[in-house]
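What the coordinates show
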Amino acid sequence: MNASPGCLKEMGPLVFQIFCQWSRTKYRGSWILHQSLVLYFCLMHMETLLSRLPKGREMELKKLSISLVVVLVLVLVLQILSAVDFDPYRILGVSRTSSQADIKKAYKKLAREWHPDKNKDPGAEDKFIQISKAYEILSNEEKRSNFDRYGDVGENQGYPQQQQHRQFHHFHESFYFDESFFHFPFNSERRDSSDEKYLLHFSHYVNEIVPDSFKKPYLIKITSDWCFSCIHIEPVWKEVVQELEVLGVGIGVVHAGYERRLAHHLGAHSTPSILGLINGKIAFFHNAVIRENLRQFVESLLPGNLIEKITDKNYVRFLSNWKKENKPHVLLFDHMPVVPLLYKLTAFAYRDYLSFGYVYVGLRGTEELSRQYNINVYTPTMMIFKEHVDKPADVIQAREMKKQLIDDFLSQNKFLLAARLTNQKLFHELCPVKKSHRQRKYCVVLLTGEGDKFARTYEAFVAFALANTKDTVRFVHIYNDRQRDFAHALLMDDEKYWGKSAVAILERRNNVGRVVYKILEDAWKGSEEDNFMLLDFLAQLRTDPGLLSSDTVLPDLNDELAPVFFLRWLYSAIEYVSDVWDSVFHNNWREMMPLLSLIFSALFILFGTVIVQAFSDSSDERDSPLPQKEEPNEKNEKNDTAFSKENSRIPKKGFVEVTELTDVTYTSNLVRLRPGHMNVVLILSNPTKTSLLQKFALEVYTFTGSSCLHFSFLSLDKHREWLEYLLEFAQDAAPIPNQYDKHFLERDYTGYVLALNGHKKYFCLFKPHRSGDEGGTMGSCEDYDPLLHTGEARGKSSCSPGSKQVKNKLSKLSLWMERLLEGSLQRFYIPSWPALD
C-alpha cells in the first residue's frame, strides 16, 4: 500500500472495513500488528469525520477526539499485555507445531508438578489454573486454530459459530469496529477473577463434588458470557460466598459456555441460575437473589432432624441414648434463640459419628442443666459426652466458635471409649490395616453378651480403656449373639468361653479380613488380676509383635443399625415422590418432558386398547362362530405357544459341560478366570464318580444358562492335599485335621462342592446332605443320563451298591446354587491359590 496518510483519510468507512478484513487475513501470524493497523485506521477515520463538522464546534469536538484517542490507546495496550501475558504454548512449554500427544504429555507433567495439593508454593493455584486453561485451548482444535489466527484465547466459544466470526459491528451508522479489537467486560472470568477458583468441570463435579456433597451442601452458580443479569447479582453473590464459605458451605461456578455438558447435566437451561447440591441431589433456587434468601435456601437443604432442642426435661434421655445409637453425644450451649447455621452444618458433616443437641441458655427451663455442668451463659460452649452422662469427656469454650476449632475438637472425639462394632465400615475406621512397622494399630476386642449379667464386665473394660488412651491401641466390643460369625472366627466355640466374656487383641493385615490375634487365656471378669494381665500383655506387645501367634480371616460384620427392608422401601418411596413433586412444580419443564411423554403414551395405549377391545367385541357378536373342526387347530396353536414359552426358560445347551480340574486346566479354569466368573467344582472319588456326576448334572442343569458359571470336578484321590489346604480357610465347615490322627486320610469329602472365584480369591462351600431318608427316586437306577457330557462318564452304570445314598448327598445343591447367585452365601478368602500338583 503506497497511499499517503492524507489520501487515506478520505477512503471512508468502506475502505476501512475492507482493510480490517485484509489485515486480519494477511497478518494472522502477527495479531499485535493487526490490532495496531486497525487502531491506526480508526484514528484516521475519526479525523475524517471531524473535518466534515461545522467550524463552530470544531475545538470542542477536537477535545473529545483526544479523549477517545487516549481510550483507544489504553485498550490496545491492555489487549497487547493480556495477549503477551497469556500464551498457552509458552505456559505448557510446547511449540506451535506440537502434536496432541506432546501437548497432553506436557500438561500431565506440569499438572502433577503444580497441583495445589502437592505444591505448597503460594502461586501454585494460579499457575495450575493457567496450565488447565492453556491445555483446554490447545486440546480443542477449534480453539487452537482461533488462537493461532487471531490470538483469541476462547472467551466466546460457548456461542454460535456465526456470532463468533462476525467481523464488524455498526456504530453510528457509518463507523465499524472489529470484534477482536474490543473485548467488552461481559466475560465472566474477566468480570470477576474471584470466580476462577470455584470453576467446575464435569469430571471434577462427578468425581469430587458429588461425593463431597454427603458431608456438606454446595451452592452453585451457572453463568455465561454476555449475561447482564449475571452482572446484576454479582455483588450479592460475592457477599454470600464470603459469608457461607467460612461456615463450611461448598461453592461452585459453572460457565455454561465452556461446560455445556455439565450445565445440561445440572438442568440449568438459562443464566444466571443458582442451585444447591446435597447428598448428590440438586435443588434450584427460585427466589429473589438477596443475601437472606440465599442463606435460607442453604438452610432448607439441610435435614430438619440434625439437632435436637435440649432442656432440663429431656437432657438425661438424650445423653443416655449413647448405648442405643453407639455414638458420643454433643451439647451446644449458646445464647442464640435459633440454632446457628454453623452448628447445623457441623451436625450434618458429623451426623454418622455424633448426635447433636442444642441448649438455648436464655430459655426458661435450662437453669438446672447450666448449673449442673457449670456453664458460662455468656460464652458459647461445646461438650462431648461418651459412656458417662454425669461428666463430659471433653469441653471447649470460645467467644467466637470458628469452623476449624470445632472440626479439630470433634475429629478427636468421634468414637466412644469402647465403641461397639456394628458394621464393617466402623471396624475399618477403628481398626485400620497396618501400613508399616511404625504405624501398628492394635484393637482390643471384648466379646461379650447383652443384659445385666455382663454389665459389670463391660464397665470394667470401659474403665480400663479410659485409663489407657494410647494412640496405638483402640478398645472396642461386640455382642456375640449379634455377630456370631465374627465371634466364632476368633473363639472357635471354645467351651471355656461359653456364657462368658473374652478379650482378644488383634491386628489387621489386609482389607479382606486377614488378622493376627491372641485370646487371653482366662475369661474376662473385670477383676484387678484381669486388668494386670491385659496391661502386661499390651506392654510386651509393644516390643514383641510376635505375641499375636494366631491368624484367621474374619467375615464381614452385620450392619446392626440398618433399617429393615420395609422401612428402606418406604423411605425410598417417599424420597421418589418428593423428587417427582419438586420436579413437577419447580424444575424446568424441559426436564419433565420425558416423564410427561411417558405418561401420555401409557394413557394413549390404555385407552386405545379399551376402544379397540370394545369394537372387536361388538364385531365378534355379529359374526357367526367358527366351525368346530377348527377348534383343534386353535388348541394346537395354543399348545405350541405354551410349549415355546416353556422352552424359552430352558438353557440353550442340551447338556452340562463338566470338565476335570487338573494341573493342565487349573490356570485357565481358576487362577486366570475372568472377573465375575466362578467355577463350581464337585469333589468325588473313583467309586462315586459316575453317580455323583449324574446327580450333579441334574441339579445344576437349570443354572447353565448363565455364561458366568463353569462346572468342573476334582478327584479326591489325586488332589486331597490341595483340598485340605483350601478347607483350612473354612474352619467352621471343615476343621483342620490332625495329621497324627489315624483317621486323617479316611475323612470323606466326596459330595463337597466349591464355588471358586479366581479373580477375588474366595470360595463358597457346600457340605453334602447326609440324610438317607430324602431324595426319593432321584437316586434310583432308573435315572438316565441325557444331560451329562463327559467322556469318562459315558457307558458306566450308576446302579452300583449305595449309589442312591451317594446321590442323596447332592439333594439340596440346587437350593445352594440359588443362594450362590443371590450372593447370600458366606465367603472364605484365601491369600493366593495353591498349586495343583
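Structure report, in brief. Not measured: the values here are computed from a predicted model. (Residues numbered from 1 in each chain as written. Predicted model: local features only at pLDDT ≥ 70, side-chain atom pairs only at ≥ 80, totals over all residues. Heavy atoms only, no water.)

1. Observations concerning the environment of I137
Just so we agree on the cut-off: By the criteria applied, helices consist of DSSP H or I runs no shorter than four residues and strands consist of E runs no shorter than two, each listed in order from the N terminus. Partly exposed describes any residue whose relative accessible area lies between the buried limit of under 20% and the exposed limit of over 50%, with all areas from a 1.4 Å probe on protein chains only and scaled to the type maximum.
Mapped onto the elements of the fold, I137 is located in helix α7 (residues 124–138). Since its relative accessible area comes to 2%, I137 is described here as buried. Taking the C-alpha atoms as reference points, I137 and Y89, 48 residues apart in sequence, are found 9.7 Å from one another.

2. Topic: the pairing of strand β5 (residues 273–278)
Formally: Strand pairing requires that DSSP identify at least two bridges connecting the strands.
Of all six residues in β5, six are buried, a share of seventy percent or more. Side chains of β5 alternate between two faces, with S273, L275 and L277 and I274, G276 and I278 buried alike. For strand β3 (residues 218–223) and β5, the ladder comprises five bridges, and the chain directions are antiparallel. Residue I220 lies in a different strand from β5, and its bridge partner there is L275.

3. Quick notes on the pairing of strand β13 (residues 442–448)
In plain terms, the rule: Crossovers are marked right-handed if the path from the first strand over the helix to the second runs clockwise, as seen with the strands pointing away from the viewer.
Most of β13 is tucked away: seven of the seven residues are buried. Of the two faces of β13, the one carrying Y442, V444, L446 and T448 and the one carrying C443, V445 and L447 are both buried. Two strands pair when backbone bridges link them, and β13 and strand β14 (residues 473–479) are joined in this way by seven bridges, in the parallel orientation. Within β14, the residue paired with V444 across the bridge is F475. A crossover links β13 with its parallel partner β14, the connecting element being helix α21 (residues 455–467), and its sense is right-handed.

4. Concerning α7
Condition: Multiplying one less than the number of residues by 1.5 Å gives the expected span of a helix.
Along its 15 residues, α7 runs 21 Å from first to last C-alpha, staying within 8% of the 21 Å computed at 1.5 Å per residue. Here α7 has its buried residues at A124, F128, I131, A134, I137 and L138.

5. Structural notes on a positive patch on the surface
Keep this limit in mind: What makes a patch is a set of residues exposed beyond 30% relative accessible area and free of salt bridges, joined within 9 Å when like-charged and within 5 Å when nonpolar (Val, Leu, Ile, Met, Phe, Trp, Tyr). In this description, accessible areas are obtained by the Shrake-Rupley approach with a 1.4 Å probe, and a residue is regarded as covered only by the protein chains that are shown. Think of a salt bridge as a Lys or Arg side-chain nitrogen and an Asp or Glu carboxyl oxygen that are within 4 Å of each other. All tallies of charge rest on Lys and Arg as positive and Asp and Glu as negative; His and the ends of each chain are not included. To locate a charge, the coordinates of NZ of Lys, CZ of Arg, CG of Asp or CD of Glu are taken.
A cluster of basic residues, K104, K108, R112 and K118, forms a positive patch at the surface. Inspection of the secondary structure assignment puts K108 in helix α6 (residues 100–114).

6. A closer look at the side chain of H255
Put simply, the rule reads: Polar contacts here mean pairs of N or O atoms no more than 3.5 Å apart (in protein, one a potential hydrogen donor and the other a potential acceptor; neighbouring residues in sequence count only if both atoms are side-chain atoms).
Along the chain, H255 turns up in strand β4 (residues 250–255). From its side chain, H255 meets the backbone nitrogen of G257 in a polar contact 3.0 Å long.

7. Looking at helix α11 (residues 202–212)
Put simply, the test is: The directions from the helix axis to the C-beta atoms form the arc being described.
Among the residues of α11, those classed as buried are F202, Y205 and I209. The buried residues of α11 occupy one face: seen down the axis, they fall within an arc of 70°.

8. Observations concerning the state of the cysteines
Two cysteines whose sulfur atoms are joined by a covalent bond form what is called a disulfide. Put simply, the rule reads: In this description, the term disulfide denotes a pair of cysteine sulfurs within 2.5 Å.
Enumeration over the complete set of coordinates arrives at two disulfides. Disulfide pairing places C431 opposite C443 at an S-S distance of 1.7 Å. In this structure, the disulfide formed by C431 and C443 twists by about -95° around the S-S bond and is classed as left-handed. Taken together, the residues span a long stretch of sequence, with C431 in the loop between α20 (424–430) and β13 and C443 in strand β13 at a distance of twelve residues. Classification of C443 by relative accessible area gives buried; the value is 1%. Cysteine pairing for the chain (bonded cysteines numbered in sequence order): 1-2, 3-4.

Remember, this is a structural readout, not a statement about activity or role.
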